[in-house]
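Chains, contacts and geometry: an overview
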Amino acid sequence: MILDELTLHDFGVYRGEQVFRLTPQGPDKPIILIGARNGGGKTTFLEGLQLAFFGRLSQGFRGGVAYEEYLRRTINRAASPKDGAAIEVKFRRVLDGREQAFRIRRTWSVQNAGVRESFEVFVDNVHDRVLTGQWAEYVEEMLPPRIAPLFFFDGEKIEQFADLGRSGEIVGTAVSALLGLDIVERLQTDLDVFERRKAASNASISEQQALKAAAAAADAADARLGIELTALSGAKRDRDRRILLLDRARTSLKNQGGDLFQARQEILAQEVELAGALGAVNRSLRGWAGELAPLLLVEDLLGEVAQQAERESQADTAKAVLDHLTKRDRQVIQKLKSSGANGVMLHEIGAYLDDDRKKVAAEATTPRYLDMPRPARAQLETVIDQGLPAARDVYQALITDLDGLTARKDDVERRAAAIPAPETIAPLVAAVEAETDALQQAEAQFELAQRTAEAADRALVAARAAYKDTMERQVNSTLQAEDAQRMLEHSARVRETLARFKAEVIGHHVHRIEALVLEALTRLLRKEDLVTAVTIDPVTFAIGLSGGGWDALPFEQLSAGERQLFAIALLWALAQASGQTAPTVIDTPLGRLDSGHRQRLVDGYFPHAGHQVILLSTDEEIDARHYARLEPFISHSMTVEFDPALRSSRVSEGYDFVRVEEVA
């Protein structure tokens, strides 16, 4: 559907006839920008558009005022009530593959203290009497009034959507409206009423009274469950808030050295333990130094002493051998001579024996310094081969222990030095303790509320079962006709079928809405990883967010601007899910958002919100900077100026709140 023109005649602040041209230039320029200061007529524009389409079914403007009184109040104060006011809308819609031009006109005036209203529909410039009479059914199919707030909304009033609890109700209402489930619910209610009446009509007076009492008890139990569920929801929010506050208090305590403070006794005990261990190692080192340790300083000299002692021992052995050889050699020469050996042989043998004695004599001439006895030499060798290596191993082990204990002692001393003073940490400890107590109380309240709600639910189940049993007894005892019994059975089956149908339809479409909401949030939020998943409970329609390092993102973690963007994303997603091709009309589009969030709407939402987007902006919202970014998507613009002298607003072409040089 494309809105081509809106004409307001003596409606609200618009005196006389004021025409808004709304036809976009093309699909690449969907935005029609209308500027007006506060009180200039932006909300009146939106109000007039809804009134033209929906009449007494229009939502959000009457504020509880009766429809006729509302119409009376909308007539311009400078106009005659008898002449009244009028709204006319021209729009186009493709139907059965052919585009048709529509013109609807709603007029009203005060006649004889009453309000007289007239409504007409023209199709392709021909008055259509049938469509005029059946407009309520036609507009219900084209753009149901229940979902109109998804397309026509006030940017300053969407805070009611920016709450997870409230948004769940909105999703539930929207899903019911989008899928036509309110008809299913009405049918279920009608079937229940039918069963009650059918059972009651065939029951005796006492049976009817019992049935009414059971029904009243079931209704009271249902109301009680609603109260308890509301209390449970509040207790859960309080518990979740307390969990967040306790986490913050613990984080502050940890950042200020709370962990070290809480472990101070253990740290001080470690200091004492390490001091004792170091003392033991030092005592072991002193004991080690009093044994063989000094000999490690002269280990090379001890080796030389051992070698000298060995050489002296060998010299003693050589001297003894030399004396023996001298006697033996004389005996050999004498024996040879007595045997008649010739002189040559005696000479050669004598020379050989002399050379052999000289070699032994050379070994016997080693200088003697030590004269070390054999037991002493054995003891020295034991010290060199076994004692000194063992002493060196003990030393290495003790030094390793000393280094390790010293490093641990240094670390413990650093931790001890970092322990904050009690007067510094005491307020933070007190805050953690207070938040822990508050959380325990909140959890106790939540558990109590949960038990109470469960008891109320059981009471409701019991009351409904009692009502059902009573009704069944009434039916079984009073129904005379078999067809009446059959009708009740079929009605119960139909109600069960409708319940299953409703649950399956909702479950199927909720996943699509989750994806659409996440896609819209991804486009609008500056922090791309703030929300990574959106879940919607198919029974309660409660919305859950996750992301930003949270398994379940607390809604309190979102700023006010982020919550408003969440509300807009929710409306955007629901509008897409509706499958309707209605224009998007936004009054005060940037609301109370800061500059960063405004930029996200300007870039990510307005150019893509629909095939026709009508923005009703104040002079402080879409300024030169935002206008420059929107300009490629703007079809045309208008300005509404209020004339204080005439007390009327008029429409002019162009957006007067931005100068050309500012955009350039």
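Right, let's walk through the structure included here.

**Observations regarding the overall build of the protein chain**
The helix and strand tally for the protein chain stands at 18 helices and 14 strands. Put simply, 72% of the contacts in the protein chain that link residues at least 6 apart link residues at least 24 apart. Accessible area for the protein chain stands at about 36100 Å²; split by element, carbon and sulfur atoms hold 52% of it.

**Looking at the environment of G39**
Locating G39 in the fold gives a position in the loop between β3 (31–36) and α1 (42–54). Along the primary structure G39 and T618 are separated by 579 residues, whereas in three dimensions their C-alpha atoms are 9.7 Å apart.

**Some words on a nonpolar patch on the surface**
A surface patch of nonpolar side chains, amounting to about 310 Å² of accessible area, comprises L297, V298 and L301. By the element assignment, V298 lies in the loop between α9 (264–289) and α10 (299–338).

**Quick word on the pairing of strand β10 (residues 543–546)**
Strand residues, when the strand is regular, have side chains that alternate between the two faces of the sheet. In this structure, strand β9 (residues 533–536) lies alongside β10, joined through 4 bridges in antiparallel fashion. Bridging across to β10, A533 finds its partner in S546. Between β9 and β10, which pair antiparallel and follow one another directly, the connecting turn spans 6 residues, one of which, F541, has a positive phi of 65 degrees.

**Structural notes on the side chain of Q599**
If you trace the backbone, Q599 turns up in helix α16 (residues 595–604). The exposure class of Q599 is buried, given its relative accessible area of 14%. Sequence-distant contacts of Q599, defined by excluding residues within four places in its chain, comprise R625, H626 and R629.

**Quick word on the packing of aromatic side chains**
This model, assessed by the stated rule, comprises 13 aromatic pairs. With a centroid separation of 5.6 Å and 45 degrees between ring planes, the pair formed by F119 and W135 is classed as tilted. A residue pair is termed long-range when its members are at least 10 positions apart, and F119 in strand β6 (residues 114–123) and W135 in helix α4 (residues 135–142) qualify at 16 residues. Put simply, the rings of F53, F54, F91, F102, F119, W135 and Y138 touch in pairs and so form one group of aromatic residues. The cationic tip of R103 hangs over the ring face of F122; the distance from NZ or CZ to the ring centre is 4.1 Å. Lying across the ring of F446, R239 places its NZ or CZ 4.1 Å from the centre.

**Observations regarding the side chain of Q18**
Checked against the element boundaries, Q18 lands in strand β2 (residues 14–21). The class of Q18 is buried, set by a relative accessible area of 13%. A polar contact is formed between the side chain of Q18 and the backbone nitrogen of V651, at a distance of 2.9 Å. Once residues within four sequence positions are removed from consideration, Q18 is found in contact with L6, T7, L8, S649, R650 and V651.

**Considering the pattern of salt bridges**
Scanning the model with the defined rule gives 21 salt bridges in all. Residue E228 is joined to R224 by a salt bridge in which the shortest nitrogen-to-oxygen separation is 2.4 Å. In this pair, E228 and R224 are both assigned in helix α7 (residues 205–255), 4 residues apart and thus about one turn of the helix distant. E228 gets classed as buried once you look at its relative accessible area, which sits at 8%. By sharing partners, the salt bridges in this structure join D4, R92 and E99 into a single network.

About the criteria used
Residues numbered from 1 in each chain as written. Predicted model: local features only at pLDDT ≥ 70, side-chain atom pairs only at ≥ 80, totals over all residues. Heavy atoms only, no water. Helix = DSSP H or I, 4+ residues; strand = E, 2+ residues; numbered from the N terminus. Contact = heavy atoms within 4.5 Å. Areas by Shrake-Rupley, 256 points an atom, 1.4 Å probe, with all protein chains shown as cover. Patch = residues over 30% accessible without salt bridge, like charges linked within 9 Å, V, L, I, M, F, W, Y side chains within 5 Å. Salt bridge = Lys/Arg side-chain N within 4 Å of Asp/Glu carboxyl O. Pairing = 2+ DSSP bridges. Buried < 20%, exposed > 50% of the residue type's maximum accessible area, 1.4 Å probe, protein only. Phe/Tyr/Trp six-rings, centres within 6.5 Å; stacked < 30°, edge-to-face > 60°. Lys NZ or Arg CZ within 6 Å of the ring centre and 35° of its normal. Polar contact = N/O pair within 3.5 Å; in protein donor to acceptor, adjacent residues only side chain to side chain.

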